[in-house]
Amino acid sequence: FITSVGTRGSNPLQFQGPIGITYNHKIGKLYVTENGSHRVQILNRDLTFSSTFGSQGSGNEQFQNPYDIAADSDGNVYVTDTYNHCIKVFTPEGKFLRKFGSQGSEVGQLNEPSGIAIDCRDIVYIVQKGNCRVSLFTTQ
């Protein structure tokens, strides 16, 4: 054991339903998704607070239960916006870039995306609770 940080709450370094975590090697930051407060907290390597982004809703910079998060080779972060049924892409600093996916069960559609991983070739792997499947996308 080295250290830990956080308590229950909605201030910096406080969490409500922390569920997803990833380390962004490009910029040396840690990202934590919170489905209770519908946001992402960005922490420095030493676990001090850096910034936060997101709130509850369906807008581009809002989430409905973000579950997981991953970073691509450029350092952009991908968040599974579970009940908005899409993936939202942000800069390493948390500025909205784009989103992809729409609700449904057809090819390319998402239903409650919950898990995400990105490999060294920037292929995006998404687990969908609602469709009970794994889907692959490119970062383009």
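Residues numbered from 1 in each chain as written. Predicted model: local features only at pLDDT ≥ 70, side-chain atom pairs only at ≥ 80, totals over all residues. Heavy atoms only, no water.

Draft legend 1. Highlighting the overall build of the chain. On a plain count of helices and strands, the chain comes out with zero helices and 13 strands. Moving toward the C terminus, one meets the helices and strands of the chain in the order β-β-β-β-β-β-β-β-β-β-β-β-β. Computed over its C-alpha atoms, the radius of gyration of the chain comes to 14 Å, within 12% of the 14 Å expected for a compact globule of 140 residues. By principal-axis analysis of the C-alpha atoms, the chain measures approximately 45 × 30 × 30 Å. Across the chain, every contact between residues at least 6 apart in sequence was considered, and the portion connecting residues at least 24 apart equals 36%. Both charge centroids of the chain, one from 12 positive and one from 12 negative side chains, sit 2 Å from each other. (Helix = DSSP H or I, 4+ residues; strand = E, 2+ residues; numbered from the N terminus. Rg over C-alpha atoms; globule rule 2.2 N^0.38 Å. Contact = heavy atoms within 4.5 Å. Lys, Arg positive; Asp, Glu negative; His and termini not counted. Charge placed at Lys NZ, Arg CZ, Asp CG, Glu CD.)

Draft legend 2. A look at unusual backbone geometry. One non-glycine residue, Glu112, lies in the positive phi region at around 55°. Note that Glu112 resides in the loop between β10 (96-100) and β11 (113-118). Residues other than glycine seldom take positive phi values, yet Cys132 does so here, at roughly 50°.

Draft legend 3. Spatial organisation of the sheet that holds strand β12 (residues 123-128). Across the sheet, three strands lie side by side as β11-β12-β13; this open sheet has antiparallel pairing. Each end of this open sheet is capped by a strand with a single partner; those strands are β11 and β13 (133-138). Going across the sheet, the axis of each strand differs from the next one's by a mean of 25°, ignoring polarity. Both β11 and β12 contribute to a ladder of five bridges, which runs antiparallel. (Pairing = 2+ DSSP bridges. Axes fitted to C-alpha atoms, helices over the stretch in contact; angles between N-to-C directions.)

Draft legend 4. Representation of the pairing of strand β8 (residues 77-81) within the structure. Most of β8 sits inside the fold, with five of its five residues counted as buried. Where strand β7 (residues 66-71) and β8 come together, four bridges link them in antiparallel fashion. Looking at the pairing, Ile69 lines up with Val79 of β8. Linking two consecutive strands that pair antiparallel, namely β7 and β8, is a turn of five residues; a positive phi of about 95° is found at Gly75 within it. Between the end of β8 and the start of strand β9 (residues 86-90), which pair antiparallel, lie four residues, with His85 showing a positive phi angle near 60°. (Buried < 20%, exposed > 50% of the residue type's maximum accessible area, 1.4 Å probe, protein only.)

Draft legend 5. Summary view of the pairing of strand β3 (residues 18-24). With six bridges joining them, β3 and strand β4 (residues 29-34) adopt antiparallel strand pairing. By the bridge assignment, Pro18 is partnered in β4 with Glu34. Where β3 folds back on β4, the antiparallel hairpin that results is connected by four residues, among which Gly28 adopts a positive phi of roughly 70°.

Draft legend 6. Spatial organisation of the sheet that holds strand β6 (residues 49-53). Read across the sheet, four strands follow the order β3-β4-β5-β6 without closing on themselves; strand pairing throughout is antiparallel. Each having just a single partner strand, β3 and β6 make up the two edges of the open sheet. Taken over all neighbouring pairs, the strand axes of this sheet differ in orientation by 20° on average, direction set aside. Here six bridges tie β4 to strand β5 (residues 39-44), and the two strands are oriented antiparallel to one another. Of the residues in β5, the one forming a bridge with Lys29 is Asn44.

Draft legend 7. Highlighting the pattern of salt bridges. Under the definition given, this model contains three salt bridges. The closest approach of N and O atoms between Arg39 and Glu34, which form a salt bridge, is 2.6 Å. Here the two residues Arg39 and Glu34 agree in accessibility, since each one is buried. A salt bridge links Asp119 to Arg121, with the shortest nitrogen-to-oxygen separation between them at 3.0 Å. (Salt bridge = Lys/Arg side-chain N within 4 Å of Asp/Glu carboxyl O.)

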